[in-house]
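What follows is each chain in one-letter form.
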Amino acid sequence: MAQKGTKLYPEKFCCSICLDLLKDPVALSCGHSYCMKCIEAHWDGEDLKTTYSCPQCRKTFTQRPVLDKNVLLAELVEELKKTGLQAAAADHCYAGDEDVSCDVCTGRKMKAVKSCLVCLVSYCEKHLQPHYESPAFKKHQLVEPSKNLQENICSRHDEVMKMFCRTDQQLICYLCSVDKHKGHDTVSAAAERTERQKKLEESRLNIQQRIQDRQKDVKLLQQEMKDIRVSADKTVEDSEKMFTQMIHLIQNRSSEVEQQIRSQQETEESRVKELQEKLEQEIKDLERKDAELKQISDLEDHNQFLHKYPSVSALSESKPSSSINICPQRHFEDMTAAVKELRDQLQDILKNTWTNLSETGTQSHVLLPQPEPEPKTRAGFLKYSQEITLDLNTAHRKLLLSEGNRKVKVIKHQHFYPDHPDRFTDWFQILSKESLTGRCYWEVEWRGDRLYVAVSYKNICRTGSTSESAFGLNDKSWALYCDTYSYKFWYNIQTPILGPRSSRIGVYLDHSAGILSFYSVSETMILLHRVQTTFTEPLHAGVRLYYAGNTAEFIKLT
């Protein structure tokens with residue numbers, strides 16, 4: 001429990017996913033905490049991935065973490081609800097630096113809950129009541145609190161701009177329509193809004209239809225993936241069974257061949273043994289005869305010798321021995337040759353079958369569009385070079401253009417540019433005139449402290465200092481942040497990037513393939529970051545600068 005007198009800050013106990021106080025808080029190993037349902041829902045959306053990550057620090061986990069309620073953190077949240085939350089609720093009603101304050105309040109101003117487009121005043125809940133109660137305010141149009149109400153006032157006539165000049169594509173007041181814009185194609189702002197609203201709705205319907213089509217494709221791909229897994233598992237099981245059967249067949253044939261060889265071995269050994277025994281008997285008979293002849297030869301008495309000599313011829317007679325031809329290690333050559341031939345045939349069959357299986361396995365049943373390969377050299381990128389010229393109507397008033405509207409510089413004092421709905425009012429930003437589709441490449445040379453090199457949809461917000469109008473801080477733009485020491489990539493959140501510092505950045509876009517790449521360009525090109533996404537509208541190149549004297553130039557590539 002928090003000790004008495006300890007100040008608790010509600011924002012410290014908020015879930016970064018739902019932005020509300022933690023409910024059933026859980027803590028990840030990286031130290032960040034979330035509502036249990038929020039982080040579970042977040043990871044449920046990552047089921048097709050092989051890793052899970054922390055939404056804040058992006059630390060990845062190879063296995064989905066098991067979550068347990070953090071009891072201590074839960075008790076602190078409950079203590080906060082009882083103590084600090086009441087005090088915070090009182091302060092919450094007053095306007096802070098980022099809030100729209102009530103224009104009627106005196107002293108400490110309350111938060112505005114609505115802005116009136118007729119009065120051009122923002123009201124808190126208390127001062128808004130007359131607009132609800134008095135018939136005089138019945139036709140007044142109330143909108144969400146806005147800091148930009150004065151932009152609805154004509155700087156020339158101090159009148160509310162309720163007209164729209166289609167010739168000059170800008171809001172004007174009634175006096176402008178009979179003065180500077182006399183003879184132009186002018187309509188009421190409401191009529192122009194209605195017309196553009198129709199086009200906007202058509203674009204939305206088109207996008208929604210594309211979303212539905214893509215969702216159907218995703219479901220088909222998910223089913224395809226499921227079918228692939230089931231088919232692969234069954235094929236592995238069947239192939240294992242068949243290979244086991246083939247192994248058994250080979251083992252059985254090996255046993256049969258062994259039995260046949262042993263049987264033939266027994267027959268041959270029997271024949272050789274029989275012949276050997278006959279020869280051994282003949283050797284014994286010859287040895288006996290030789291001993292008898294030796295006895296006669298050794299007689300000293302001539303008469304005895306001559307008396308026994310006639311028997312010598314009889315003892316010397318013997319049957320001629322049979323000729324024996326021995327061929328070492330050739331008794332089973334025919335069997336060896338037969339087994340070798342079978343082995344070679346089996347190798348050929350397995351080789352041909354495996355080639356067919358490999359070719360079949362590489363054929364894809366899901367035909368997806370394959371993007372063209374990204375160039376490997378700067379010469380390859382220059383084939384897609386895109387000349388970029390900057391749109392003066394989008395430039396912040398502290399940006400000065402030169403070099404045929406290819407170079408932009410931050411100046412100390414605001415330049416006089418006419419009012420235009422496309423102009424950035426708070427961030428030092430500018431967009432290109434060219435809308436970018438297909439494959440494009442361009443390079444930006446920069447000088448100064450820091451820079452954002454960006455691409456953006458044309459419908460990005462142009463007013464206010466919120467993230468909605470800042471390159472890279474929303475879902476309508478992508479930006480590479482460069483400073484003296486580091487790089488970061490921004491698309492709603494930041495991603496730190498390692499790479500050599502360079503005063504020139506190359507940008508490659510393949511719109512249809514959804515590829516956006518940033519390169520450090522010097523003597524060589526080094527990839528800093530690549531994005532793979534889906535672009536739903538044409539893009540525009542842009543930059544955001546910071547301090548007076550900082551410059552950025554879109555190089556004319558030849």
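A brief look at the structure comes next. The structure presented is a predicted model; accordingly, all values stated were derived computationally and were not measured.

Moving on, we come to the sheet that holds strand E21 (residues 525-532). Pairing is antiparallel across the open sheet formed by 7 strands, whose spatial order is E11-E12-E23-E14-E19-E20-E21. If you trace the sheet from one side to the other, it starts and ends with strand E11 (399-402) and E21, each paired once. Each strand of the sheet is rotated relative to its neighbour by a mean of 20 degrees, with strand direction disregarded. Pairing geometry for strand E12 (residues 407-410) and strand E23 (residues 551-554), over 3 bridges, is antiparallel. Looking across to E23, one finds that Val408 is bridged to Ala552.

Attention now goes to the state of the cysteines. Every disulfide links exactly two cysteines, by a covalent bond between their sulfur atoms. Evaluation of the coordinates by the stated rule reveals 0 disulfides. Free cysteine Cys124: the closest other cysteine sulfur is in Cys102, separated by 3.7 Å. With no disulfide of its own, Cys165 has Cys176 as its nearest cysteine by sulfur position, at a separation of 9.4 Å. Relative accessible area serves as the criterion here: at 0%, Cys165 is assigned to the buried category.

Once that is clear, we can look at the packing of aromatic side chains. What characterises a pair of aromatic rings is the spacing of the ring centres plus the angle enclosed by the ring planes. Taken as a whole and judged by the stated rule, the model has 14 aromatic pairs. When the ring of Trp43 is compared with that of Phe61, the centres are 6.4 Å apart and the planes differ by 70 degrees; the resulting orientation is edge-to-face. On the criterion of sequence distance, the pair formed by Trp43 in helix H1 (residues 36-44) and Phe61 in strand E4 (residues 60-61) is long-range, its members being 18 residues apart. Cation over ring: Arg544 sits above Tyr452, and NZ or CZ is 3.9 Å from the ring centre.

When you line up the elements, Asn550 lands in the loop between strand E22 (539-544) and E23. Among the residues examined, Asn550 registers a relative accessible area of 4% and is labelled buried. With residues near it in sequence (within four places) discarded, Asn550 still touches Val408, Lys409, Val410, Arg447, Gly448, Asp449, Arg450 and Leu545.

The final tally for this structure, using the stated rule, is 26 salt bridges. Notably, a salt bridge pairs Glu374 with Arg530, separated by 3.0 Å at the nearest N-O pair. Placement of the pair is Glu374 in the loop between helix H9 (333-361) and helix H10 (378-382) and Arg530 in strand E21, with a sequence separation of 156 residues. A salt bridge links Glu443 to Arg504; the nearest nitrogen and oxygen atoms lie 3.1 Å apart. Pair noted here: Glu443 is in strand E14 (residues 439-447) and Arg504 is in strand E19 (residues 504-510), with a separation of 61 residues, a long-range link. Among the residues examined, Glu443 registers a relative accessible area of 0% and is labelled buried. Residue Arg504 is classed as partly exposed on the basis of its relative accessible area, which comes to 21%. A network of salt bridges, in which partner residues are shared, links Arg378, Glu443, Glu445, Arg447 and Arg504.

Further remarks concern the pairing of E11. Side-chain alternation along E11 places Leu399 and Leu401 on a buried face and Leu400 and Ser402 on a face that remains uncovered. For E11 and E12, the ladder comprises 4 bridges, and the chain directions are antiparallel. Its bridge partner being in E12, Leu399 is matched across the sheet by Val410. With antiparallel pairing between neighbouring strands as the criterion, E11 and E12 make up a hairpin whose turn holds 4 residues, including Glu403 at a positive phi of roughly 55 degrees.

Moving on, we come to the environment of Leu117. Counting through the fold element by element, Leu117 comes out in the loop between strand E5 (114-116) and strand E6 (121-123). Among the residues examined, Leu117 registers a relative accessible area of 26% and is labelled partly exposed. Sequence separation between Leu117 and Gln141 is 24 residues; the distance between their C-alpha atoms is 5.6 Å. Excluding anything up to four places from it in sequence, Leu117 contacts Gln141, Val143, Leu149 and Asn152.

Here helix H2 (residues 71-82) contains 12 residues, and its C-alpha end-to-end distance of 17 Å stays within 8% of the 16 Å for a straight helix at 1.5 Å per residue. All of the buried residues in H2 are Leu73, Ala74, Val77, Glu79 and Leu80. A side-chain oxygen of the first residue of H2 lies 3.4 Å from the backbone nitrogen of Leu72; this N-cap is Asn70.

With antiparallel pairing, 6 strands are arranged side by side in an open sheet as E13-E22-E15-E16-E17-E18. The open sheet is flanked by strand E13 (429-431) and strand E18 (493-497), the only strands paired with a single partner. Ignoring strand direction, the axes of neighbouring strands in this sheet form an average angle of 20 degrees. Bridge count for E13 against E22 is 3 bridges, and the pairing is antiparallel. Directly across from Ile430, in E22, lies its bridge partner Val543.

Cut-offs and rules
Residues numbered from 1 in each chain as written. Predicted model: local features only at pLDDT ≥ 70, side-chain atom pairs only at ≥ 80, totals over all residues. Heavy atoms only, no water. Pairing = 2+ DSSP bridges. Helix = DSSP H or I, 4+ residues; strand = E, 2+ residues; numbered from the N terminus. Axes fitted to C-alpha atoms, helices over the stretch in contact; angles between N-to-C directions. Disulfide = S-S within 2.5 Å. Buried < 20%, exposed > 50% of the residue type's maximum accessible area, 1.4 Å probe, protein only. Phe/Tyr/Trp six-rings, centres within 6.5 Å; stacked < 30°, edge-to-face > 60°. Lys NZ or Arg CZ within 6 Å of the ring centre and 35° of its normal. Contact = heavy atoms within 4.5 Å. Salt bridge = Lys/Arg side-chain N within 4 Å of Asp/Glu carboxyl O. Expected span 1.5 Å × (residues − 1). Polar contact = N/O pair within 3.5 Å; in protein donor to acceptor, adjacent residues only side chain to side chain.

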